[in-house]
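# Notes for the structure review
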Amino acid sequence: NIARTVGNLKIDESLKKKKLLFSVWGTENIFMDLFMGWYNVMKDIFSEVILFDPRKKRLEYGPGIMKEKLLELVARERPDYFFFLIESGELGIDTVKRINEISPETKTIVHFGDDDINFEDRSRYYALFVDYCFVGQMHYISNYEKDGLGNALTMPTPVNTDVFKPVDVKKKI
């Protein structure tokens, strides 16, 4: 494998030829930390990053049309990877199953950030329908292993150090 470095991450060079559909709430808002912390890193890793903010679209169109628009986007773009969160509840397992049916070659990736409150009733079930689970709370990996879910990997919420860094300012308290 040929690898390169993005920030302090070692990245497989083949990802630079891949397309990512990034479906995370707030990701279409350049002032949100998810945009600044994730998108700016993802665009350096993948050849193309398509943004789809499920919360924004749900508020604009309602939950049913939001899901239709997402599925239409998947069918049209056929991304190599589909990355999403479940914390905000916009995307159900039924939607993930439809993405797998529409574009079976698309690898689905979910990031679980709150397994302390979501593992028992959500994360463990979503994990059955996705290719990879990125788990933010590292000590929960053992819960996935106990359930026989070998697709869970530890990944704390990323921080883009190009954006979030110390600044030289005078302290005023």
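Refer to the structure presented above.
So, here's what we can say about the structure.

Calculation rules
Residues numbered from 1 in each chain as written. Predicted model: local features only at pLDDT ≥ 70, side-chain atom pairs only at ≥ 80, totals over all residues. Heavy atoms only, no water. Pairing = 2+ DSSP bridges. Helix = DSSP H or I, 4+ residues; strand = E, 2+ residues; numbered from the N terminus. Right-handed = clockwise from strand over helix to strand, strands pointing away. Contact = heavy atoms within 4.5 Å. Polar contact = N/O pair within 3.5 Å; in protein donor to acceptor, adjacent residues only side chain to side chain. Core = buried A, V, L, I, M, F, W, Y, C linked by side-chain atoms within 4.5 Å. Buried < 20%, exposed > 50% of the residue type's maximum accessible area, 1.4 Å probe, protein only. Axes fitted to C-alpha atoms, helices over the stretch in contact; angles between N-to-C directions. Parallel < 35°, antiparallel > 145°, perpendicular 65-115°, else oblique. Left-handed = near helix turned anticlockwise from the far one by under 90°. Nonpolar A, V, L, I, M, F, W, Y, C, P; charged D, E, K, R; others polar.

## Re the pairing of strand 7 (residues 132-135)
Here strand 6 (residues 107-112) pairs with strand 7 via four bridges, running parallel. The residue bridging Phe112 from the neighbouring strand is Val135, located in strand 7. Following the backbone out of strand 6, through helix 5 (residues 115-126) and into the adjacent parallel strand 7, one traces a crossover that is right-handed. Once you follow strand 7 into helix 6 (residues 141-146) and on to strand 8 (residues 152-154), the crossover reads as right-handed.

## Thoughts on the environment of Asn151
Mapped onto the elements of the fold, Asn151 is located in the loop between helix 6 and strand 8. Distance in space between the C-alpha atoms of Asn151 and Ile141 is 9.9 Å, their sequence separation being ten residues. Once residues lying within four places of it in the same chain are set aside, the contact partners of Asn151 are Ala127, Val130, Asp131, Tyr132 and Cys133. A polar contact is formed between the side chain of Asn151 and the backbone oxygen of Ala127, at a distance of 3.0 Å.

## With respect to the side chain of Ser103
Positionally, Ser103 belongs in the loop between helix 4 (93-102) and strand 6. Not counting residues up to four positions away in its chain, the partners in contact with Ser103 are Val74, Arg78 and Pro79.

## Overview of the nonpolar core
Grouped together as the largest cluster of nonpolar side chains are 28 residues, with contacts concentrated most on Leu21, Leu70, Phe84, Phe112, Cys133, Val135 and Tyr144. The set of elements that each furnish at least two residues to this core consists of helix 3 (63-77), strand 5 (81-85), helix 4, strand 6, helix 5, strand 7 and helix 6. With five residues, the top contributor of residues to this core is helix 3. Listed in part, the 19 residues of the second largest apolar core include Leu20, Phe35, Tyr81 and Phe134.

## Re the environment of Tyr144
With respect to the helices and strands, Tyr144 occurs in helix 6. Tyr144 gets classed as buried once you look at its relative accessible area, which sits at 0%. Residues Tyr144 and Ala127 lie 17 residues apart in sequence; the distance between their C-alpha atoms is 8.5 Å. Side chain to side chain, Tyr144 and Asp115 meet in a polar contact 2.7 Å long.

## Notes on the sheet that holds strand 5
Ordered by their spatial adjacency, six strands build an open sheet running 4-3-5-6-7-8, and the pairing between neighbours is parallel. Strands at the two margins of the open sheet, each flanked by one partner only, are strand 4 (48-51) and strand 8. For this sheet the average axis-to-axis angle between neighbouring strands, irrespective of direction, equals 25°. Sheet analysis places strand 7 next to strand 8, joined by three bridges and oriented parallel. Note that in strand 8 the partner of Phe134 across the bridge is Leu153.

## Quick notes on the packing of helix 3 against helix 4
Packing of helix 3 against helix 4 brings their axes to within 9 Å, and their N-to-C directions diverge by 25°. Taken together, the axes of helix 3 and helix 4 lie roughly parallel to each other. The two elements helix 3 and helix 4 meet at a crossing, and its hand is right-handed. From helix 3, Lys67, Leu70, Leu71, Val74 and Ala75 reach across to helix 4, where they touch Asp94, Thr95, Arg98, Ile99 and Ile102. The class makeup of the residues in the contact of helix 3 with helix 4 is six nonpolar, one polar and three charged.

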